[in-house]
Amino acid sequence: MLSRQVAAVLLLWLSCCVSALWRYYMNSPDYSIFSTRSTINLEYEGTSFKSWTVSERCKVQNTTSPKTTLHCQSAGTHKIKPVATTQEEQRYLTVTNSYVCFLWYFTVVDVYHNLSQIVTIWVYDPESASSEELLKTAKKPSLNSKVLTKHFETLGQHPSIYTTEKRLTYHSGPLTSEGTWVIHLPMSSDDIVKVIKGKKVAFQDCLIANLQFMLTFPIMTISEPPEYLPITLPAGSPLLLSWHACITAFALLVTDQESFQTNDSFQTWTKVRVPPGILSDAQRHSLRDAIVFEHGSLFLVDTTAYLRTRDEFIQLNESRGISGTGILGFSRRRWCQIRYLYKLSSRKSILVAWSSSTIYYGYPKFRFMTLTTTLQLKSFLKLPLTDTLEIMTVEYSWHPRELAIVLTHCSVCTDVRNIRIVIYNSIYKRYTLQDFELELPKENILEARFLYSAMPDLILWDQYHVYYSYKNFTAIGTFEALTKEKDLSLSSQGSKVHTVITDSIGNILVKMLNNVLFYIKTDVTKAAQLHTWINRTAKSTVYFDRSYQICLLHYNENLDDKYQLQIQPYPLFLELESINEDLADWCPYLAFQHDIKSQFYILDKGENLTVWSQIVYPENRGLFIVMDYYGSNILSWTQNTDYEIASGFCTKTVITHFFQTTNYELVDNYYALEKKNTGLLLFQLRPSESSRTCTTAKAVFEIDVGCDSSKYIMVHGFNRSGCQRRDFSYVIDKDLLRDTLSENLKVRYDVAKYGCPRTLQLEEMFHPVVELYDENGFVKIVDTNFILWEIHGRNDYTFNSTMEENGCINEAQTWDSMIEESPGVPLEDVWGPQNYKPCFSYAIGKPGDLTQPYEIINYSNKNSLKWSITYAGMYVFRLKILDPNYSFCNLTTIFAIESLGMIPRSSIYLVAALIFVLMLTFISILILSYFWYSKIYRQFIFEPLHKPPAKQKKN
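Keep in mind it's a predicted model, so treat the numbers as computed, not measured.

Definitions and limits used
Residues numbered from 1 in each chain as written. Predicted model: local features only at pLDDT ≥ 70, side-chain atom pairs only at ≥ 80, totals over all residues. Heavy atoms only, no water. Helix = DSSP H or I, 4+ residues; strand = E, 2+ residues; numbered from the N terminus. Rg over C-alpha atoms; globule rule 2.2 N^0.38 Å. Contact = heavy atoms within 4.5 Å. Areas by Shrake-Rupley, 256 points an atom, 1.4 Å probe, with all protein chains shown as cover. Lys, Arg positive; Asp, Glu negative; His and termini not counted. Charge placed at Lys NZ, Arg CZ, Asp CG, Glu CD. Buried < 20%, exposed > 50% of the residue type's maximum accessible area, 1.4 Å probe, protein only. Polar contact = N/O pair within 3.5 Å; in protein donor to acceptor, adjacent residues only side chain to side chain. Disulfide = S-S within 2.5 Å. Pairing = 2+ DSSP bridges. Core = buried A, V, L, I, M, F, W, Y, C linked by side-chain atoms within 4.5 Å. Salt bridge = Lys/Arg side-chain N within 4 Å of Asp/Glu carboxyl O. Phe/Tyr/Trp six-rings, centres within 6.5 Å; stacked < 30°, edge-to-face > 60°. Patch = residues over 30% accessible without salt bridge, like charges linked within 9 Å, V, L, I, M, F, W, Y side chains within 5 Å. Axes fitted to C-alpha atoms, helices over the stretch in contact; angles between N-to-C directions. Expected span 1.5 Å × (residues − 1). pLDDT = per-residue confidence, 0-100.

Caption draft 1: Just the overall build of the protein chain, in detail. In terms of regular secondary structure, the protein chain is built from 12 helices and 65 strands. Relative to the 2.2 N^0.38 estimate, which gives 30 Å for 955 residues, the radius of gyration of the protein chain is 38 Å and therefore markedly larger than a compact globule would have. Taking the principal axes of the C-alpha coordinates as reference, the protein chain spans close to 160 × 100 × 75 Å. Relative to all contacts within the protein chain whose residues are 6 or more apart in sequence, the contacts with residues 24 or more apart total 62%. Carbon and sulfur atoms provide 52% of the accessible area of the protein chain, an area that totals close to 45,500 Å². The protein chain carries 91 positive and 96 negative side-chain charges, and their two centres are separated by 6 Å.

Caption draft 2: Representation of the side chain of asparagine 515. One can find asparagine 515 in the loop between strand 41 (507–512) and strand 42 (517–521). A residue is classified by how much of its surface remains accessible, and asparagine 515, at 5% relative accessible area, is buried. Separated by 3.0 Å, the side chains of asparagine 515 and lysine 511 make a polar contact. Excluding residues that lie within four positions of it along the chain, asparagine 515 makes contacts with Ile534, Asn535, Arg536, Thr537, Ala538 and Ser540.

Caption draft 3: Fine view of the state of the cysteines. What the rule picks out here adds up to 8 disulfides. In this model cysteine 410 forms its disulfide with cysteine 413; the gap between the sulfur atoms is 1.8 Å. Across the S-S bond linking cysteine 410 and cysteine 413, the dihedral sits near 65°, which makes this disulfide right-handed. Taking the relative accessible area as the measure of exposure, cysteine 413 reaches 42% and is therefore partly exposed. The thiol sulfur of cysteine 551 is not disulfide-bonded, and the nearest other cysteine sulfur, from cysteine 336, lies at 19 Å. In this structure cysteine 650 is a free cysteine whose sulfur lies 15 Å from that of cysteine 587, the closest cysteine sulfur available. You can call cysteine 650 buried: its relative accessible area is 1%.

Caption draft 4: Just the sheet that holds strand 19 (residues 259–262), in detail. Here we have 4 strands laid out as an open sheet, ordered 17-18-19-20, and antiparallel in their pairing. Edge positions in the open sheet fall to strand 17 (240–243) and strand 20 (270–271), since each of these has one partner strand only. Pairing geometry for strand 18 (residues 251–254) and strand 19, over 4 bridges, is antiparallel. Across the sheet, the residue bridging to valine 254 is serine 259, located in strand 19.

Caption draft 5: Examining the nonpolar core more closely. With 59 residues, the main nonpolar core has Phe266 and Leu530 as its most contacted residues. For this core, the element with the highest residue contribution is strand 45 (residues 550–555), accounting for 5 residues. In terms of nonpolar packing, the next biggest core, distinct from the first, is built from 39 residues, Phe786, Phe799, Met818 and Leu850 among them.

Caption draft 6: Just the pattern of salt bridges, in detail. Applying the stated rule across the entire model yields 28 salt bridges. The salt bridge involving aspartate 585 is made with arginine 692; its shortest N-O contact spans 2.9 Å. Within this pair, whereas aspartate 585 is found in the loop between helix 7 (572–583) and strand 47 (591–594), its partner arginine 692 is found in the loop between strand 53 (679–687) and strand 54 (699–705), the two being separated by 107 residues in sequence. When sorted by exposure, aspartate 585 lands in the same class as arginine 692, which is buried. Several salt bridges converge on common partners, so that one network encompasses Glu258, Lys271, Arg273 and Asp561.

Caption draft 7: Structural detail: the packing of aromatic side chains. The full count for this structure, using the stated rule, is 58 aromatic pairs. Judged by centre distance (6.3 Å) and plane angle (75°), the ring pair of tyrosine 664 and tyrosine 670 falls under edge-to-face. One exposure class covers both tyrosine 664 and tyrosine 670, and it is buried. Taken together, a centroid distance of 6.2 Å and an interplanar angle of 40° make the contact between phenylalanine 728 and tyrosine 730 tilted. An identical accessibility class is assigned to phenylalanine 728 and tyrosine 730; each is buried.

Caption draft 8: A nonpolar patch on the surface, seen in detail. On the surface, Phe922, Ile923, Leu926, Ile927, Tyr930 and Phe931 cluster together into a nonpolar patch covering about 670 Å² of accessible area. Tracing the sequence through the fold places leucine 926 in helix 12 (residues 908–942). Residue leucine 926 is classed as partly exposed on the basis of its relative accessible area, which comes to 47%.

Caption draft 9: Here's a closer look at the sheet that holds strand 58 (residues 758–761). In space, the 4 strands of this open sheet follow the order 58-65-64-61, with mixed pairing throughout. Of all strands in the sheet, those with a lone pairing partner are strand 58 and strand 61 (786–790), marking the two edges. Across this sheet, the average inter-strand angle for adjacent strands is 35°, counted without regard to direction. Two elements, strand 58 and strand 65 (residues 892–900), share 4 bridges in a ladder whose sense is parallel. Along strand 65, the bridge assignment pairs glutamine 761 with leucine 900.

Caption draft 10: Representation of the side chain of glutamate 45 within the structure. Relative to the helices and strands, glutamate 45 is located in strand 2 (residues 40–45). For glutamate 45, a relative accessible area of 2% puts it in the buried group. A polar contact is formed between the side chain of glutamate 45 and the side chain of arginine 23, at a distance of 2.9 Å. At 3.3 Å, the side chain of glutamate 45 forms a polar contact with the side chain of asparagine 535.

Caption draft 11: Structural context of the pairing of strand 19. Neither face of strand 19 is exposed, since Ser259 and Gln261 on one face and Phe260 and Thr262 on the opposite face are all buried. With antiparallel pairing between neighbouring strands as the criterion, strand 18 and strand 19 make up a hairpin whose turn holds 4 residues. Judged from the 2 bridges that link them, strand 19 and strand 20 form a sheet pairing that is antiparallel. Across the sheet, residue phenylalanine 260 finds its bridge partner in strand 20, namely lysine 271.

Caption draft 12: Here's a closer look at unusual backbone geometry. One non-glycine residue with positive phi stands out, namely phenylalanine 266, at about 65°. Note on phenylalanine 266: relative accessible area 4%, which makes it buried. In this structure, phenylalanine 473 takes a positive phi of about 65° despite not being glycine. Mapped onto the elements of the fold, phenylalanine 473 is located in the loop between strand 37 (466–470) and strand 38 (475–478).

Caption draft 13: Highlighting helix 7. The end-to-end C-alpha distance of helix 7 is 16 Å, a good match for the 16 Å that 12 residues give at a rise of 1.5 Å each. Of all the positions in helix 7, only Leu572, Leu574, Glu575, Leu576, Ser578, Ile579 and Asn580 are classed as buried. Packing partners of the buried residues in helix 7 comprise strand 1 (21–26), strand 7 (91–95), strand 41, strand 42, strand 43 (526–529) and strand 45. Downstream of helix 7 by a residue or two, alanine 584 has a phi angle that is positive, lying close to 55°.

Caption draft 14: Local environment of the environment of glutamate 557. Examined against the element boundaries, glutamate 557 turns out to sit in the loop between strand 45 and strand 46 (565–569). In the structure, glutamate 557 is positioned 18 residues away from lysine 539 in sequence and 9.6 Å away in space, judged by C-alpha atoms. Excluding its chain neighbours within four sequence positions, the residues that come into contact with glutamate 557 are Gln257, Lys539 and Gln564.

Caption draft 15: Local environment of helix 3 (residues 143–154). The end-to-end C-alpha separation of helix 3 is 17 Å, in line with the 16 Å expected for 12 residues at 1.5 Å each. Each element contacted by the buried residues of helix 3 is listed here: strand 8 (100–111), strand 9 (116–124), helix 2 (131–134), strand 12 (181–186) and strand 14 (207–208). Positive backbone phi, approximately 105°, marks glycine 156, located one or two places after helix 3.

Caption draft 16: Region of interest: the confidence of the model for the protein chain. In the predicted model, the protein chain carries a mean pLDDT of 89, and 94% of its residues have values of at least 70. Confidence drops under a pLDDT of 50 for residues 1–18, and excluding neighbours within four residues, the segment shows 52 contacts in the predicted structure.

Caption draft 17: Region of interest: the environment of tyrosine 519. Structurally, tyrosine 519 is set in strand 42. Judged by relative accessible area, tyrosine 519 falls into the buried class, the value being 0%. Contact partners of tyrosine 519, with chain neighbours within four places excluded, come to Asn507, Ile508, Leu509, Lys526, Ala527, Ala528, Leu530, Leu572, Leu576 and Arg692.

What follows is the structure, encoded as structure tokens:
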């Protein structure tokens, strides 16, 4: 877990003479490999220690030392207790005989020029690793890890990285000379949860544990100039921690001395400070709340909000859509529903702020908009205007488009106020008053958190109590301690509630100001107090690290800057098993499993989703799997259940099929029916009974019925890159256009927009084959009907088959008939799935000329485009899916074809002029040639070619 040096520092600052406690830890931060092979470190904190008493099957290195090591030779539950002059807690430590002993270690290098990340991986053994590897600061493997990694590579080990959201796999290259594997990943902001997996290869009978971690597009912290000043909580305040909903490693910690920001789970951090001159000294120490985002942080100073970014620190006021004073708090999304929110990135809010009378939505550029006011809420709740209605807190639910408004109401106000809850759905702009009522003293302030649940399960707390609302506000009450006390301060030496955190497997931890921890499980109403782990005077809070493990974050201002913050992994399940030995509360089932691999599914028309789930339980318990859903009734589903009994155990397997049955063909209002049948539904599968010891409470997922924005179509054989031609221009004769123009149409061909054109011979017909793609690549060939048209209005092409040849009984739709029905409508809106009528029924359409070309194409009908036989041309087509039952998306694509053949016909006047010029030139050449050759002929007649030689005179 920590090196001995760091553990010593941690023990030093946690030590206090007020009370004694003891804890244990192992070298590894991952307690999933806690086994008989592990070295267990024991630490007693206090001055009254005498010795350790342990199970006979375990051995302590030095029984009289408050700091020693423990080895358990056999698996099982072992008693461990220190002997001291004071009464000390006894723990039951569960040690397994696991064959998973080794861990993956990784480092990351960001490469910005190609937006990739280089992940270097090796294997290490926590029992023989270097201190740098145990502290997660190593840049290369230690000698032992290098040798271990090479042994695994020899046995055939090759790790890969699997992404849990998009389910992509990236494989490693060969082992490097340094004893590491290297994997190259693209930077990503919407597929951030990764898992390092290896083959089932064992060395010395030990396997390597899978490692889940977060890796996202790099988020940089802001370094402040030295002259900047601290911004802190009021003196004596407990720690305030805020982290990114999707990237828990990116967090902001605020204390009463300093504020710190990290992007690696506090392995490193920077101090958060503000420029001088903006806040007074009193204001800088009056921070009430803080929220961290990727591009900035919000601070609530008294009742005024301030924004801190890399470039500025400013006050938010009416210019940004929010009041400059009177703000009581703000809240962000607690759950990471990244795929749905990315789909709505332009419209989603990222936070909500409120005053006592107004709620504000905050958007990505930190602009705000008023959502509602208490005056409007009074009207909705039908309350008299004279009643007092105030906003106490606002919280996002697990539903990504809903939030809860917690209101205080009184007609005649006294020292007690009534609490009411209203759920607001931003999809339907709808407020729903919930069946929830609670009376609180006037001075009590509630905070709220929604649980990981499809139903709006909610917990609220004040200084002394934690309240619950389960199963869509049908089960409401107050959590009780095992001593039946509803006031948790009575079970924690008079302390108050500090913070409450929840996770995705149903765990709820309530931390008191004196560091007492209570454990609650989703759907359970009892709060179990855990063993003391931290001294009651230490400053700490609860946190999730980059591997989603629960950790304790400690702060001590008296130590050097290097040691002021420390993360300590907390073995929650081991501690829970320990207290359960006395409580005898066991999970009613042995296993609950399912094949839900994603939190978010998109269901398009004609698609279905099948979910498998199974529960195994002792015979005669009568358990079953419950499926709850929340949202509009726009989906149908069927369930098949198989039941089996063997060896005293029952196994129930449930297969659930989700689908839609709506037929969108030949409807009066196509778009209205689509809107009615689209939306978001939340589902959960859970056992009919559960307890705090069950590892998994429920499986929760969303189904978004509608268009998958990552879908697109392409025509086979066309691409948009690697074109040999650049942009060019060409002219379309006005006689070849669908619309009448006074002159020819000049077109500029944009290669980036239209893609690479495909060249065909004039007599070569073309049948488009349409392919469907999504974010993961090719999906399938589109086998449904589609239409196409030339986007520049060219109309000199036809189709090679007739309506009759395609089986039409009545006249089919054509572009000419559809344009005639909708005059003045743009061509792309004239014909589509909204008004498609098939021609294969006597009841639809009317008889007509079936020898006309059939202008609808699909994969199987082999209907093809046919070009003019007299000239060549360039055609740019847009293709659209026509089948109304195929997709909620408007699936279109563009492709271009150049037909080669005869020279395009020209104007008759141009042709006549050209012929006249050619003939004139030819006649002129003939006349000139005649005179030229006549001259030469005359010369040869009158001037002989050879003159006779002259006679010589004799002397």
